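Inside the fold
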Amino acid sequence: AGSGPTGICYNYSDDYCAKYGRLYTWSEMMNGANSSSQSPSGVKGICPTGWHVPSDAEWIAMQNVVDATNTTAGAKLKSTSGWLTNNGTDTYGFHGLPGGSFYSGTFSYSSNDAGYWWVATEYDGTNAWYHYLVGFDIIAYRAPYDKADAFSVRCTMN
């Protein structure tokens with residue numbers, strides 16, 4: 001309810017949004033909140049009541065439960081269908097889907113190649129941390145990226 005941020009559908013497709021969800025810039029996702037490295041983050045952002053945007057520390061803790069050595073974390077977090085090269089085992093019910101991204105007016109990493117998720121933790125004034133899975137690999141990745149890019153968001157229950 002209300003008139004919060006709306007994000008964008010990959011290729012402006014409602015069908016895409018129905019399957020993969022919307023893509024949001026970091027600022028849209030944060031919805032006025034400040035960066036947090038706390039665990040839990042305390043950032044409601046665009047998440048519904050009772051949920052929050054995880055911090056980088058929360059995401060890393062979750063990933064360490066899945067696979068502390070990160071030799072197969074990507075495979076265990078990916079959904080069992082929808083990936084171009086390698087579907088996952090979805091061992092923990094994360095259902096990670098390849099949602100792609102939107103940056104500088106261009107959609108990239110189509111819906112069968114990569115999934116990216118913002119977290120509530122800034123890297124610096126221009127970049128924030130995100131975590132991602134790719135179809136061709138079974139590990140999980142983490143990197144800073146420009147906050148103006150639009151990625152998926154995974155809310156965490158409070």
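Everything below is about the structure printed above this text.
Cut-offs applied
Residues numbered from 1 in each chain as written. Predicted model: local features only at pLDDT ≥ 70, side-chain atom pairs only at ≥ 80, totals over all residues. Heavy atoms only, no water. Buried < 20%, exposed > 50% of the residue type's maximum accessible area, 1.4 Å probe, protein only. Helix = DSSP H or I, 4+ residues; strand = E, 2+ residues; numbered from the N terminus. Pairing = 2+ DSSP bridges. Contact = heavy atoms within 4.5 Å. Polar contact = N/O pair within 3.5 Å; in protein donor to acceptor, adjacent residues only side chain to side chain. Expected span 1.5 Å × (residues − 1). Arc of directions from axis to C-beta.

1. Re the pairing of strand β5 (residues 114–122)
The buried fraction of β5 amounts to 8 of the 9 residues, a majority that puts the element mostly inside the structure. With 6 bridges joining them, β5 and strand β6 (residues 127–134) adopt antiparallel strand pairing. Bridge assignment links W118 to a residue of β6, and that residue is Y130. Between the end of β5 and the start of β6, which pair antiparallel, lie 4 residues. Bridging between β5 and strand β8 (residues 150–153) involves 2 bridges; their strand directions are parallel. Considered in β8, the bridge of W117 is made with S152.

2. Concerning the environment of S101
Within the secondary structure layout, S101 lies in strand β3 (residues 101–103). Between the C-alpha atom of S101 and that of C9, which follows or precedes it by 92 residues, the distance is 9.6 Å. Excluding anything up to four places from it in sequence, S101 contacts Y10, L23, T106, F107, S108, Y109, Y116, D149, A150 and F151. A polar atom in the side chain of S101 sits 2.8 Å from the side chain of S108.

3. With respect to helix α3 (residues 56–67)
Its 12 residues give α3 an end-to-end C-alpha distance of 16 Å, which sits within 8% of 16 Å, the value for a rise of 1.5 Å per residue. Within α3, the full set of buried residues consists of D56, E58, W59, Q63, V66 and D67. The arc that holds the buried residues of α3, viewed along the axis, is 160°, so those residues lie on one side. Close packing links the buried residues of α3 with β2 (51–52), α4 (73–77), β5, β6, β7 (141–146) and β9 (156–157).

Geometry only, nothing functional implied.
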